[in-house]
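Coordinate inspection notes
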Amino acid sequence: MKKEDYPIYLDYSATTPIDPQVASVIEMHCRNTYGNASSVHSYGRIAKVVLEESRDIIARSIGAETAEIFFTAGGTESDNHAVIGTAFAQRRKYGKDHIIVSAIEHHAVLDSAEYLKSHNFRVTLLPVDKNGIINIDALEGRITEKTALVSVMHANNETGAIQPIKEIAELTKKNHTVFHSDTVQTIGKIPVNVNNLGMDLLAISAHKIYGPKGIGAIYIRKGTDIDALLHGGSQERKNRAGTENIPLIAGFAKAIELAEAVREELYHHSIVLRTLLKDIIQNSINNVLFNSTNEHSIPHIFNVSLDSSVYNIESETMLLNMDMKGVAVSSGSACTSGSVQPSHVLLAMGRDQKSTQTTIRFSFGKFTTIEEVEKAGKIFCAIVQSLPKK
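Quick summary incoming for the structure in this document. All residue numbers refer to positions counted from 1 along the written sequence of the respective chain. Given that this is a predicted model, residues contribute local features only at a pLDDT of at least 70 and side-chain atom pairs are listed and counted only at 80 or more, while totals for whole chains, interfaces and linings are drawn from all residues. Calculated side-chain values reflect all of the structure's heavy atoms, with hydrogen atoms and water omitted.

Moving on to the nonpolar core. Put simply, buried Ala, Val, Leu, Ile, Met, Phe, Trp, Tyr and Cys residues joined by side-chain atoms within 4.5 Å make one nonpolar core. Per-residue accessibility, obtained with a 1.4 Å probe over protein chains only, is compared with the maximum for each type, and a residue is labelled buried under 20%, exposed over 50%, and partly exposed between these values. By size, the foremost hydrophobic cluster in this structure holds 55 residues, and its most contacted members are Ile-62, Leu-139 and Phe-252. Numbering of helices and strands runs from the N terminus, with a helix taken as a DSSP run of H or I at least four residues long and a strand as a DSSP run of E at least two residues long. Counting residues per element, this core draws most heavily on helix α8 (residues 246–261), which supplies 10 residues. Residues count as neighbours in contact if any of their non-hydrogen atoms are within 4.5 Å of one another. Discounting chain neighbours no more than four positions away, the residues touching Phe-252 are Ile-58, Phe-71, Ile-204, Ala-206, Ile-209, Pro-212, Ile-215, Gly-216 and Ala-217. Membership of the second largest hydrophobic core comes to 30 residues, among which are Ile-285, Met-318, Phe-364 and Val-373.

Listed below in structure tokens is the structure:
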């Protein structure tokens, strides 16, 4: 089938299509590099070389040292490791039992925080403003000498809102608090350099940058105290037990190389796409709430809600209507889009509950064309125009 015969895919923030060059790297290593990287024979040594070369590529892409990168099964595991592993290590070594997480974090962070509550940690949810941005003064007022960790994502997966990461890092450093940031949505899209931004821990996922699912990484700044989550082997310098998946790791490294090579081009392309889509919607329908701002968000994500005082429809119905018309979009995080629960992100931004349930997230990528966005925008507007008003 030709590309034009497939539905239009505008859900890149949920997952990206695998890049053909990445797929070729994975296939080659599946066939040829099947040794265990922990084995001492020649097959193992070959796998070990691929493992460490891949680690070096990923480290250099974020300005880290090679020894600060540890492979995981993806962003969720990396977030869990950062939040839970740090909390337990900090309490054991320094008696700290308090963590702060922003109210708009991915559930990989929020649910990890809930888990820590069951182990007698105190958790503070940090509020955000109407644009989904935290307030530095509010954060400073919540940090105490018992605060083990602050976790604030780089850019939100539902709205694209970018947080003041550098300022947060300066504040946490001043207070001797570990700072973790989920950078799953920003790697390969905007600059992420751990020395410029200052975070101590960050999470990366390969399938958000045209790589394979099931592989990711956690950056752990040298000297950061953190406990392992998985036990049973000395892999990843005892930070993450389990035989390393060499084909996926090599594919991950190739994906991040390719993503960095076109990052600026993709950024400007996404601005064009977002501007076009917003113009189409603004010029065609009224009573639409824009949850993504041009000034404070990455351009690859565009989130809109229908005003619930005017329209009586839920996101799931809109998604089905869009899908039937040949457009694949989502209502928010792919990890929760199957749920009828309102978006915790939009609620934190002050949206009313019913409007959060009439939300559509469009997200673009390097294979998205202007023609596709124009067609998708017109389809969305036609569906909304056909809806009965209250």
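Structure shown, so let's carry the discussion forward.
Positive phi outside glycine occurs at Arg-237, with the angle close to 50°. On the secondary structure map, Arg-237 appears in the loop between β8 (216–220) and α8.

So, about the pairing of strand β7 (residues 201–205). Of all five residues in β7, five are buried; the element is thus mostly enclosed. On β7, burial covers both faces: Leu-201, Ala-203 and Ser-205 on one face and Leu-202 and Ile-204 on the other are all buried. At least two bridges found by DSSP between two strands are what make those strands a pair. Bridging between strand β6 (residues 178–182) and β7 involves three bridges; their strand directions are parallel. Bridged to Asp-182 within β7 is Ala-203. With five bridges joining them, β7 and β8 adopt antiparallel strand pairing.

So, on to the packing of helix α1 (residues 20–32) against α8. Helix axes use the C-alpha atoms of the stretch in contact, all axes being lines fitted to C-alpha atoms, and the angles between their N-to-C directions lie in the range 0 to 180 degrees. Running from amino to carboxyl end, α1 crosses α8 at an angle of 155°, the nearest separation of the two axes being 8 Å. In terms of orientation, α1 lies roughly antiparallel with respect to α8. The crossing of α1 and α8 is right-handed. Every residue of α8 that contacts α1 at Gln-21, Val-22, Val-25, Ile-26, His-29 and Cys-30 is listed here: Pro-247, Leu-248, Ala-250, Gly-251, Lys-254, Ala-255 and Leu-258. Classifying every residue of the contact of α1 with α8 by side-chain character gives nine nonpolar, three polar and one charged. Here the word oblique covers every angle except those under 35 degrees (roughly parallel), over 145 (roughly antiparallel) and from 65 to 115 (roughly perpendicular). The hand of a helix crossing depends on one turn: near helix anticlockwise from the far one by less than a right angle means left-handed, and clockwise means right-handed. Polarity classes work like this: nonpolar for Ala, Val, Leu, Ile, Met, Phe, Trp, Tyr, Cys and Pro, charged for Asp, Glu, Lys and Arg, and polar for all others, with Gly in that last group.

Glancing now at the side chain of Arg-240. You can see Arg-240 is positioned in the loop between β8 and α8. Any N or O atom pair separated by 3.5 Å or less is treated as a polar contact, with the protein-specific requirement of one donor-capable and one acceptor-capable atom, and with residues adjacent in sequence counted only for side-chain atom pairs. There is a polar contact of 2.7 Å between the side chain of Arg-240 and the side chain of Glu-77. When sequence neighbours within four positions are dropped, the list of residues in contact with Arg-240 reads Phe-71, Thr-72, Ala-73, Glu-77, Leu-230 and Gln-235.

Another aspect to go through is the pairing of strand β3 (residues 98–102). Burial analysis of β3 places five of its five residues in the buried class, the great majority of the element. Of the two faces of β3, the one lined by His-98, Ile-100 and Ser-102 and the one lined by Ile-99 and Val-101 are each fully buried. With five bridges joining them, β3 and strand β4 (residues 122–126) adopt parallel strand pairing. When the sheet's bridge partners are listed, Ile-100 is paired in β4 with Thr-124. A right-handed crossover is one whose linking path, passing over the helix from the first strand to the second, runs clockwise when the strands point away from the viewer. Crossover connection from β3 via helix α4 (residues 107–117) to parallel β4: handedness right-handed. Looking at chain direction, β3 and strand β5 (residues 147–151) are connected through four bridges and run parallel. Paired with Ile-99 across the strands is Leu-149, a residue of β5.

Looking now at the packing of helix α9 (residues 263–284) against helix α13 (residues 370–385). Two elements in contact, α9 and α13, have axes whose closest approach is 9 Å; the angle formed by their N-to-C orientations is 25°. In terms of their interaxial angle, α9 and α13 are classed as roughly parallel. Here the hand of the crossing between α9 and α13 comes out right-handed. The segment α9 lies against α13, with Val-272, Leu-273, Leu-276, Leu-277, Ile-280, Ile-281 and Ser-284 engaging Ile-370, Val-373, Glu-374, Gly-377, Lys-378, Phe-380, Cys-381 and Gln-385. A per-class count over the contact of α9 with α13 returns 10 nonpolar, three polar and two charged.

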